[in-house]
Amino acid sequence: MGRGTARPFFFCDDGRDPLSFKSMERTVEFASHRFEAHTGEVRLVLSAPDLPALFSQAASGLAELMAEDAQAIPLVDRMELEVEGRDLEALLVNWLDELIYRTEIEGRVYPRVEWMEVEEGHLRARVSGGPPKAFKTSVKAATFHGLAVRNAGGRFEAAVVLDV
Amino acid sequence: MHPESRLPEPRPVGRKIWEIPKEFRPDMRVDARVFASDELMEQIRRDRSLEQLINVSTLPGLAAPVMGMPDMHEGYGFPVGGVAATRYPDGVISPGGIGFDINCGVRLLASSLRREEVEPSLGALLHEISRSVPAGYGRGSRELAFSGPKLDRLLEEGVPLLVRKYGIGWEEDLPFIESEGAIPGARASEVSDRAKHRGGDQLGTLGGGNHFLEIQFVEDIYDRELAKAFGISDVGQVTVLIHTGSRGLGHQVCTDYVKRMDAVMHQYGIHVPDRQLACAPLESREGKAYFAAMCAAANFAFCNRHVIAHRVRLAFEYILRGSYGDRAGGLRTVYDVAHNIAKLERYGDEMLCVHRKGATRAFGPSAEELPEPYRGFGQPVFIPGSMGTHSYVLAGRDEAKELSLASTCHGAGRAMSRAAAKRRVHGGELRRELAEHGILVEGASNKELAEEAPEAYKDVDLVVDVVHNAGIASKVARLRPIAVRKG
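Basis of the calculations
Residues numbered from 1 in each chain as written. Chains lettered and ligands numbered in written order. Predicted model: local features only at pLDDT ≥ 70, side-chain atom pairs only at ≥ 80, totals over all residues. Heavy atoms only, no water. Helix = DSSP H or I, 4+ residues; strand = E, 2+ residues; numbered from the N terminus. Contact = heavy atoms within 4.5 Å. Buried area = accessible area lost by both parts, 1.4 Å probe. Salt bridge = Lys/Arg side-chain N within 4 Å of Asp/Glu carboxyl O. Nonpolar A, V, L, I, M, F, W, Y, C, P; charged D, E, K, R; others polar. Pairing = 2+ DSSP bridges. Axes fitted to C-alpha atoms, helices over the stretch in contact; angles between N-to-C directions. Expected span 1.5 Å × (residues − 1). Buried < 20%, exposed > 50% of the residue type's maximum accessible area, 1.4 Å probe, protein only. Core = buried A, V, L, I, M, F, W, Y, C linked by side-chain atoms within 4.5 Å. Parallel < 35°, antiparallel > 145°, perpendicular 65-115°, else oblique. Phe/Tyr/Trp six-rings, centres within 6.5 Å; stacked < 30°, edge-to-face > 60°. Lys NZ or Arg CZ within 6 Å of the ring centre and 35° of its normal.

Peer 1: Got a sec to walk through unusual backbone geometry? Specific residues and values, please.
Peer 2: All names here are of chain B. Of note, the bond from Tyr88 into Pro89 is cis; its omega dihedral lies within 30 degrees of zero at 10°. Among the structural elements, Pro89 can be located in the loop between β5 (78-87) and β6 (92-93). The residue Glu180 is not glycine, and still its phi comes out positive at about 50°. Within the secondary structure layout, Glu180 lies in the loop between α6 (159-166) and α7 (193-199).

If you want it as structure tokens, here you go:
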């Protein structure tokens, strides 16, 4: 996978704090997301010990941006999603775009990733979510602007600008 | 940031005009030109918009300097307030040069009413408009949902179809919409099912972000002759300004084609400093498909503003008991103009594809494309200020063709991030302040209000003075809001 690994990653939600989960093989460390200032848009900054955790943080951050109180949304809807991309950056943009599309047509946000599998150019995941109390920021799309998914000292990092 | 990037130092070269010569960076193909006062240039330097404009100057097939308008600010790929013209047919087209909200734009309606006649019913009027024009995220109005062949026809035939087949709006509106509300070359077959699904039931909806609908009055007139030509007769006259775009349909068209061009551009030997500038030759399969899909999405946006205008007329009729929904007493369309679009335009012997991202076309009095009543006067341009502040009506000048590729600014332009605005401004207090100034607001939480606070934007007076003094567009009138339906 270039900067990642050809071995699939698995992320299983075992019901614990989503920021400190157990993978199939090892206990992984803290994953995070935060929002950085951008004059016109929003920059979502992600950091995680592996790719599934990075992509899960992207989903969680997106939901937080789009909905009031995203972490309190009743997880009443589940669905499996598949996304492709010619590299990690395209995979991340396409993953976010898929969630943005689903939110717009279903009226649901999906803050929780139950499991995820990331292989070269391909991502499969089961997400769960539900209707938020209120929508907050309208997100049009994820962009490639200045985007690089980096593996820095064993941690994956990315900053993606969202058009809002 | 580009590896060879130094901080660009634009040099003044004329009245409110600055340039960064193409020698500044080895991959620049043309100069970069910015229209700004000293004060606005200072604000522009604070974010990455100049670097982004320089990145745009590396696109293949550019026919003229890339331009930055005085409201320019950092975007993604292209700066917002950026203009780039590529040669047709051998230049490129870049979906990022138009943006996700294809044909985001503004329509101005001028009524025959005076402020005093509307103000007693203003609350009821705003409420009725808010009821009939959905705003915010996601799904739209199911009563006007288009899908299948019906949607395909709308995407290709645009506003004339709404008027002639569905009885929405008037025949008299058509000449006063850019491209008469139907851009030739639109092809629904190039718009994905996903885009159609995402936007098909969003016709007549404002959406979110900085979109809005305002009831305003004419506060000042700068040029009586031009104002009269545009149907703006006197101070105190009530107008309505509608600012929205192509909704989810347009967003998805851009998403689809950025992805498609990102995958193929290396096959055409194209390398860009920022992947969001992904592009393809205008005559390539991908270039032609995007242009046809972009025109279809633009037609959808013209239709969206047209349906909203229709509903505004009905609301005026219902609340004020007049004949505003018919031709006799109505709210006349002054003009409807895009500020996120690419158009094929002739400059001398050359046909150019002019990308305007957060910039408005500003044809001068001699342009053949103008509707007959505006020939000799210029194309109306509307510059909305930030929420609660005034907006301007301008008229394009012939000099703009040479100076700025017949382009001007599109708004006040953000100066502060949404997060910073929320930290600095208390939404509840802002709502009270707006009310004290006689401005009603519906459709926004206090947090959303704070994001769009006037201090988060550049000063629209400074922005408009630049284009006026540079000879791009002349000030015609200033409009002051009295009621805002926020997206």
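Peer 1: How would you summarise the interface of chain B and chain A if you had to cite specific residues and measurements?
Peer 2: In this assembly, 39 residues from chain B lie in contact with 36 residues from chain A. Both sides together, the interface formed by chain B and chain A hides about 3200 Å², and carbon and sulfur atoms give 51% of it. At the junction of chain B and chain A, the tally comes to six salt bridges. Note that B:Arg198 and A:Glu104 form a salt bridge whose closest N and O atoms lie 2.9 Å from each other. Top element by residues in the side of chain B that touches chain A is helix α9 (residues 247-264) of chain B. It accounts for eight residues. Taken together, the residues of the side of chain B that touches chain A sort by class into seven nonpolar, 16 polar and 16 charged.

Peer 1: So what's going on with the sheet that holds strand β3 (residues 32-35) of chain B? Residues and values would help.
Peer 2: Residues and elements named next belong to chain B. With respect to topology, seven strands assemble into an open sheet ordered β1-β2-β3-β4-β5-β13-β12, the strand pairing being mixed. Two strands bound the open sheet, and with one partner strand each, they are β1 (11-14) and β12 (340-347). For this sheet, the mean angle separating the axes of adjacent strands, direction not counted, is 40°. Sheet analysis places β3 next to strand β4 (residues 66-76), joined by three bridges and oriented parallel. Counterpart to Arg33 in the pairing with β4 is Met67. Relative to the sheet, helix α1 (residues 38-45) contacts β2 (17-20), β3 and β4, its axis offset from that of β4 by approximately 30°.

Peer 1: Lay out helix α2 (residues 88-106) of chain A with the relevant residues and their values.
Peer 2: Between its first and last C-alpha, α2(A) extends 27 Å over 19 residues, near the 27 Å set by a 1.5 Å rise per residue. Looking at the residues trailing α2(A), positive phi occurs at A:Gly107, about 70°.

Peer 1: Describe the side chain of B:Ser474, and please don't skip the residues or the numbers.
Peer 2: Residue and element names in this part refer to chain B. Counting through the fold element by element, Ser474 comes out in strand β19 (residues 473-486). Of the residues examined, Ser474 reaches a relative accessible area of 14% and is grouped as buried. Residues in contact with Ser474, not counting those within four places in the same chain, are Leu226, Val393, Leu394, Ala395, Arg397 and His468.

Peer 1: Which residues make up the nonpolar core, and what values do they have?
Peer 2: With 110 residues, the main nonpolar core has B:Val34, B:Phe35, B:Leu59, B:Leu154, B:Val253, B:Tyr290 and B:Met294 as its most contacted residues. No other element matches the 13 residues that helix α10 (residues 285-320) of chain B contributes to this core. In contact with B:Phe35, other than residues within four places in its own chain, are B:Lys16, B:Ile17, B:Met67, B:Gly68, B:Met69, B:Pro70, B:Leu403, B:Ser404, B:Val466, B:Ala470 and B:Ile472. One finds A:Ala63, A:Met79, A:Val109 and A:Val149 within the second-largest nonpolar core, a separate group that totals 55 residues.

Peer 1: Lay out the pairing of strand β7 (residues 105-114) of chain B in plain terms, naming residues and giving numbers.
Peer 2: Residues and elements named next belong to chain B. Counting buried residues in β7 gives eight out of 10 residues, a clear majority hidden from the surface. Two elements, β7 and strand β9 (residues 237-244), share seven bridges in a ladder whose sense is antiparallel. Its bridge partner lying in β9, Gly105 is registered against Thr244.

Peer 1: Explain the pattern of salt bridges to me, using residue names and the numbers behind them.
Peer 2: Residues and elements named next belong to chain B. Here the structure, examined in full by the defined rule, presents 41 salt bridges over all chains. Put simply, Asp336 and Arg107 hold a salt bridge, and the shortest N to O gap is 2.9 Å. In this pair, Asp336 is assigned in strand β11 (residues 332-338) and Arg107 in strand β7, connecting sequence segments 229 residues apart. Across this residue pair, the class does not change: Asp336 and Arg107 are buried. A salt bridge links Arg305 to Asp336; its shortest N-O distance comes to 2.9 Å. With Arg305 in helix α10 and Asp336 in strand β11, this residue pair connects regions lying 31 residues apart in the sequence. Exposure remark for Arg305: the relative accessible area of 0% places this residue in the buried category.

Peer 1: Describe the packing of helix α5 (residues 148-157) of chain B against α10(B), listing the residues and the values that go with them.
Peer 2: All names here are of chain B. It is at 7 Å that the axes of α5 and α10 come closest, and there the two elements cross at 90°. Classified by the angle between their axes, α5 and α10 sit roughly perpendicular to one another. In this structure, α5 contributes Leu151, Leu154, Leu155 and Glu156 to the contact, and α10 contributes Ala296, Asn299, Phe300 and Cys303. Split into classes, the residues belonging to the contact of α5 with α10 amount to six nonpolar, one polar and one charged.

Peer 1: Outline the packing of aromatic side chains, listing residues and values.
Peer 2: Residue and element names in this part refer to chain B. Scanning all chains against the criterion turns up seven aromatic pairs over all chains. Each residue in the set Phe176, Phe230, Tyr335 and Tyr374 is aromatic and connected to the rest through ring pairs, giving one cluster. A cation over an aromatic ring shows up here: Arg115 above the ring of Phe217, its NZ or CZ 4.0 Å from the ring centre.

From the geometry alone we can't say anything about function, so treat these as descriptive.
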